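Understanding the architecture of this molecule
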Amino acid sequence: MCGIFGYIGKRKNAGALVIKGLKNLEYRGYDSWGVAMRLSDGSIKCEKDVGKIGAVNPDQFKEESSLAIAHSRWATHGGVTKINAHPHFSCDQTIAVIHNGIIENYGEIRDELKAKGHTFRSETDTEVIPHLIEEELKKKGTTLEEATRRACIRFTGRYAILVLDARSQTLVAARTGSPLIIGVGEGGEYFIASDIPAFLEYTRTVQYLDDGEMVAVHDGKIRFSDIASSAERTKRLVTIDWTVSEAEKGEYEHYMLKEIMDQKDSIRRAVHQDDEEILAVAKSIENCIGCILTACGTAGKVCMAADYFFSVVAKRHVNFTPASEFPIFHHFLRPESLIIVVSQSGETADVLEAMKVAKAAGSKVLAIVNTQGSSIARAADYTLLINAGPEKAVASTKAATGQMAVLLLVAHAVAGKLHEGRTLLLETSGQINDMLNPRYIDHIRDVAKKIASHDNMYIIGKGWNYPMAMESAIKIQEVSYIHAEGFAAGELKHGPIALIEKGTPCIALMGNDEFTADMVSNIMELRARGAQIIGIGPKKFDVFDHWIKVPDSGAAQAIVNIIPVQILAYLLAVIRGRDPDMPRNLAKSVTVK
Ligand code: F6R
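Residues numbered from 1 in each chain as written. Predicted model: local features only at pLDDT ≥ 70, side-chain atom pairs only at ≥ 80, totals over all residues. Heavy atoms only, no water.

Focus: the sheet that holds strand β19 (residues 364-369)
On the basis of which strands lie adjacent, the open sheet formed by five strands has the order β17-β16-β18-β19-β20 and parallel pairing. Strands with a single pairing partner mark the edges of an open sheet, and in this sheet they are β17 (319-322) and β20 (382-385). On average, each strand axis in the sheet is tilted by 20 degrees relative to the strand beside it, whichever way the strands run. Summarising the sheet, strand β18 (residues 338-343) and β19 pair through six bridges and their orientation is parallel. Across the sheet, the residue bridging to leucine 338 is lysine 364, located in β19. (Pairing = 2+ DSSP bridges. Helix = DSSP H or I, 4+ residues; strand = E, 2+ residues; numbered from the N terminus. Axes fitted to C-alpha atoms, helices over the stretch in contact; angles between N-to-C directions.)

Structure below.
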């Protein structure tokens, strides 16, 4: 949700630098963009427009500048217009602000400021921030840091803000609920961004801003403090192990395809866990009274698959609740409960809210995340990283399979079969490596061409292939905009079968398991109504019109089965002329509720 990037230091190309870095955060929002850079005469140059930052040439910002901020927007308050694009300014045009999140009480603050003579230009909640800071600065002896602090104390809601003051040449950032990370460069230069890829080219040393904290940078000096009390905070320096090439598209046309292909290796990285840690986590699952999995979207479907992993592999009952619904079940939480949260970004607002509810009940939280140092990772009692590396396409692919791999490993550990689980997953990783070759993708492209013109698709599965059917639907919907729905195979005849017409594409996710006969019967019922069947599984059946072969991976079948669907969704998007990396209306890292 909205990309934020600011620079302050000795370099003279801050404008171009922030635009270039922001392009690496475009997955966070791409309705419109904007930049504000302080020029050497003390004025601010601002450019903004609707559309994607990807199309903007950084070289057009060649004026000398050592302090700049840039923003890519995912609209919440106010339509997608140039005026609503960030940065927003104080009346005297000396303070520029970019913002991610929502200032819930902006209406009352705006009315108050209007009454004091402030002029508002946009429909955004954000615009109250520079005006309120400007108002606070009128009080004698107030610094930008203090004015921002006082403004933040007034705000309700979740936000991350960057404030540029052209007069004092200061950059201030504050967060409550939305991420901000400080990249520490050479000789007193600092990069402040909503996500690490913005500045990975310059530094891998970071400091994390926590909720309720702010940071002020001026003249090469940095000061962290608590927003409420103004008490100074000290911060650890952390080294990030992501590399620039991991965060780039490389030879691939789209990040989504690159990330799908990275699954040749990412499952192995996910399984690369410390035995002692996995065994400690397994013990806490065994000992807890009530274990609940929670997450959103694709990560939620991963949790549903994990329900099956724990049931089948470990004979342990674990429940899934979508994170946005989780607080409703707070009555069942107690100090002995264990909540397992799953997230790629580690910043999803609904998941953070669920964690807050769990913590309030005294329950323990295990986080399975991709982003090291993210808010969820830091707030959890135990964290397992999936080591997928940066995932930049909006549609989650390698993170989802990495999350499943870790959960399947943990389920094996709970069953006292950690070694067996690791062996299975390493073998699966090898199978995926063999499967992901150009001929395989060409075959899926042939299938995609045959079904791309249809407006509706259905996906069925049984056992852990049921949540994968639901995940398949998410993948197809979000990148190709084809209406797709996933069902438990046995449920079709209870209603949804009425939707099947001649030629309707139906994908059947199969395993080499005890459900084969049931699945074949359900497929026959679909075929009898004219459906066109795309079978994904290790074995070919006559009931398939098209077969996409996958290896027989036993308990890891859910992981291998989703990969050809990811490829199919990607190809459907490309064939239909959609941008798979930046689907409409979406953004990665959903930091609003
Ligand atoms: C879909 C997708 C989303 C995310 C969801 C949770 O492909 O990526 O459904 O899974 O927004 O995000 P994280 O995993 O970052 O918490």
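Overview of the pattern of salt bridges
Within this structure, the stated rule accounts for 31 salt bridges. A single network of salt bridges, built from pairs that share partners, joins Glu136, Lys139, Glu145, Glu146, Arg149, Arg150, Arg223 and Glu232. (Salt bridge = Lys/Arg side-chain N within 4 Å of Asp/Glu carboxyl O.)

Re a nonpolar patch on the surface
Side chains of Ile328, Phe329 and Phe332 sit close together on the surface and give an oily, nonpolar patch of about 340 Å² of accessible area. By relative accessible area, phenylalanine 329 is classed as partly exposed at 38%. (Patch = residues over 30% accessible without salt bridge, like charges linked within 9 Å, V, L, I, M, F, W, Y side chains within 5 Å. Areas by Shrake-Rupley, 256 points an atom, 1.4 Å probe, with all protein chains shown as cover. Buried < 20%, exposed > 50% of the residue type's maximum accessible area, 1.4 Å probe, protein only.)

A short note on unusual backbone geometry
The step from histidine 86 to proline 87 runs through a cis peptide bond, and the omega angle for that step is 5 degrees. Locating proline 87 in the fold gives a position in the loop between β4 (67-73) and β5 (88-89). At lysine 315, a residue that is not glycine, the phi angle is positive and equals roughly 50 degrees. When you line up the elements, lysine 315 lands in the loop between α8 (297-314) and β17. Residue class for lysine 315 comes out exposed when judged on its relative accessible area of 67%. Phi at tyrosine 481 is positive, roughly 65 degrees, even though this residue is not glycine. Checked against the element boundaries, tyrosine 481 lands in the loop between α14 (465-480) and β22 (483-488).

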